[in-house]
Structures are given as structure tokens and as C-alpha cells.
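One letter stands for each residue in the lines below.
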Amino acid sequence: MALTADPDEDLVRRVGQGDPAAIQAMVARKLPRMLALAQRMLGDPVEAEDVAQDALLRAWKQAPGWTPGKAKFDTWLHRVGLNLCYDRLRKRREIVTDAVPERPDESAAPDRGLMAADVGVRVDAALARLPDRQREAIVLCHYQELTNIEAAALMSVSVEALESLLSRGRRALRQALADMRPGAEGA
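Criteria and thresholds
- Residues numbered from 1 in each chain as written.
- Predicted model: local features only at pLDDT ≥ 70, side-chain atom pairs only at ≥ 80, totals over all residues.
- Heavy atoms only, no water.
- Helix = DSSP H or I, 4+ residues; strand = E, 2+ residues; numbered from the N terminus.
- Buried < 20%, exposed > 50% of the residue type's maximum accessible area, 1.4 Å probe, protein only.
- Contact = heavy atoms within 4.5 Å.
- Areas by Shrake-Rupley, 256 points an atom, 1.4 Å probe, with all protein chains shown as cover.
- Phe/Tyr/Trp six-rings, centres within 6.5 Å; stacked < 30°, edge-to-face > 60°.
- pLDDT = per-residue confidence, 0-100.
- Expected span 1.5 Å × (residues − 1).
- Bend = angle between axes of the 7 residues up to and from the residue.
- Arc of directions from axis to C-beta.
- Polar contact = N/O pair within 3.5 Å; in protein donor to acceptor, adjacent residues only side chain to side chain.
- Axes fitted to C-alpha atoms, helices over the stretch in contact; angles between N-to-C directions.
- Parallel < 35°, antiparallel > 145°, perpendicular 65-115°, else oblique.
- Left-handed = near helix turned anticlockwise from the far one by under 90°.

## What about the overall build of the chain?
Turning to step 1, where the next piece is worked out: The helix and strand tally for the chain stands at eight helices and zero strands.
Turning to step 2, where the next piece is worked out: Reading the chain from its N end, one meets helices and strands in the order α-α-α-α-α-α-α-α.
Turning to step 3, where the next piece is worked out: When burial is assessed residue by residue, the chain has 31% of its 187 residues classed as buried.
Turning to step 4, where the next piece is worked out: Counting contacts in the chain only where the partners sit at least 6 residues apart, residues at least 24 apart contribute 64% of the total.
Turning to step 5, where the next piece is worked out: Of the roughly 11600 Å² of accessible surface on the chain, a fraction of 56% belongs to carbon and sulfur atoms.

Okay, here's the thing in C-alpha cells:
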């Protein structure tokens, strides 16, 4: 099965040759998606910036030896970003602390107008509570807008396994955010 043409092939080749304009173009094209991926996976903007920069630095270093046709560059870059996120998530689990973590206030906002601002925070918190693989599937398909086939390849699972992860993740998000549905007030 032949891969479709990689839209980044020429850019990666030029980056590998040290073309400053190509390096700027790669950063402009890839940084926003890497930041979004890392922010959704880690929930911390500072860590997300570090991961995105590290992923792009690795891309820049790998560009001279890049072999077109093995994988799409964007798929490879997403895998690098995800691996960096998982490294940070593992380090978080290893930190031992005596402090009890703060629990988010689950009560409804006193002003309905504040509810709209609260939605993003609530969704991010619910997303952060998903198991890693479910969160990864949701982020890749819904936030990074990869197709199921691309996301499954990136996660090294079958499309059916990805769809199962998506289904379980969506169900968990629906349950976590059930009180936000219309008609759920006072329930």
C-alpha cells in the first residue's frame, strides 16, 4: 500500500538543507498544532510550550536524514509530541507529595453568564481525567483533526481499537459533563 504524497516533503528537505525560510515556515505551520496537542494532553501551558519546542527541535535535527515515503512527516511529528507528553505525564506520577490535591469546585456558577467561560475549563478537566489512551484518541481525532486512519496509525492500533477508545472516551466525557446539557439544571 503506497502512502499518499507528503505535503511537508519539500519543506522537510529544505529544512534539512539549512534553509532559514523553511525553518521559519515549519515553525509557523507546525507550532500551533504541537502547542494544542501538548496543552490538551498535559493541561499546562508552560509544559505544552516546552514539549512543542522540543518536538520542533527534534524535527529540525532529524530533517537532514529524513527519508520520504516511510511515514508522513506530520504523523512522525505528532508521535514525537505525544511521546514527549507521555514522558512528562510519567514524571508527574513519580512525584511523591504529602499535600492533598485541591479538588475543583463542582458547584454551578452563581452567574449563568459565567457558565460559558467555565465550559472550556470543565471540558479540559474532564479530558484530563480520561485514561491516557482515550485522551490521546480524543485529542488526535477531535482537536488535532486527524482522520481515524491517521490517528490509529499514530497510536499503533487498529482503526477498530481506535474507535473503541473514542467511544469509551466520549461516553466518559458525556457522563462527566452531564450536568451541562440543556434541561440538566437542578438535576
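## With respect to the packing of aromatic side chains
Turning to step 1, where the next piece is worked out: Counted by the stated rule, this structure contains three aromatic pairs.
Turning to step 2, where the next piece is worked out: On the numbers, 5.6 Å between centres and 65° between planes, the contact of Trp-66 with Trp-76 is edge-to-face. Placement of the pair is Trp-66 in the loop between helix 3 (45-62) and helix 4 (73-94) and Trp-76 in helix 4, with a sequence separation of 10 residues.
Turning to step 3, where the next piece is worked out: Assessed through its relative accessible area of 23%, Trp-76 is described here as partly exposed.

## A word on the confidence of the model for the chain
Caution applies to low-pLDDT regions: their predicted coordinates should not be interpreted in detail.
Turning to step 1, where the next piece is worked out: On average, the chain scores 83 in pLDDT, and the residues at 70 or more come to 81%.
Turning to step 2, where the next piece is worked out: Predicted confidence in the chain is weakest over helix 5 (residues 112-129), with a mean pLDDT of 74, and strongest over helix 8 (residues 159-176), with 93.

## Structural notes on helix 2 (residues 20-42)
Turning to step 1, where the next piece is worked out: Here helix 2 contains 23 residues, and its C-alpha end-to-end distance of 31 Å stays within 8% of the 33 Å for a straight helix at 1.5 Å per residue.
Turning to step 2, where the next piece is worked out: Of all the bends in helix 2, the greatest, near 40°, is centred on Lys-30, and the proline Pro-32 appears no more than four residues after it.
Turning to step 3, where the next piece is worked out: All of the buried residues in helix 2 are Ala-22, Met-26, Lys-30, Met-34, Leu-37, Ala-38, Met-41 and Leu-42.

## Brief notes about the environment of His-142
Turning to step 1, where the next piece is worked out: Along the chain, the position of His-142 falls in helix 6 (residues 132-143).
Turning to step 2, where the next piece is worked out: Placed 24 residues apart in sequence, His-142 and Leu-166 show a C-alpha to C-alpha distance of 9.6 Å.
Turning to step 3, where the next piece is worked out: If we skip the residues at most four places from it in the chain, His-142 touches Leu-166 and Arg-170.

## Points about helix 3
Turning to step 1, where the next piece is worked out: When the terminal C-alpha atoms of helix 3 are compared, their 25 Å separation across 18 residues agrees well with the 26 Å that a helix rising 1.5 Å per residue should span.
Turning to step 2, where the next piece is worked out: Glu-47, Ala-48, Val-51, Ala-52, Ala-55, Leu-56 and Ala-59 are the residues of helix 3 that are buried. The buried residues of helix 3 all sit within an arc of 165° when viewed along its axis, so they share a single face. Relative to its buried face, helix 3 has exposed residues pointing more than 90 degrees away, namely Val-46, Gln-53 and Lys-61.
Turning to step 3, where the next piece is worked out: The distance from a side-chain oxygen at the start of helix 3 to the backbone nitrogen of Val-46 is 2.9 Å, and the residue carrying that oxygen is Asp-44.

## A few points about the packing of helix 1 (residues 9-16) against helix 2
Turning to step 1, where the next piece is worked out: Remark: helix 1 packs on helix 2, axes separated minimally by 8 Å, with the N-to-C direction vectors making an angle of 130°. The angle between helix 1 and helix 2 falls in the class oblique. Note on packing geometry: the crossing formed by helix 1 with helix 2 is left-handed. Residues Leu-11, Val-12, Arg-14 and Val-15 of helix 1 form the contact with helix 2, whose own contacting residues are Ala-21, Ala-22, Ile-23, Ala-25, Met-26 and Arg-29.

## Concerning the side chain of Lys-30
Turning to step 1, where the next piece is worked out: Along the chain, Lys-30 falls in helix 2.
Turning to step 2, where the next piece is worked out: Setting aside anything within four residues of it in sequence, one finds Lys-30 in contact with Asp-8, Leu-56, Phe-73, Asp-74 and Leu-77.

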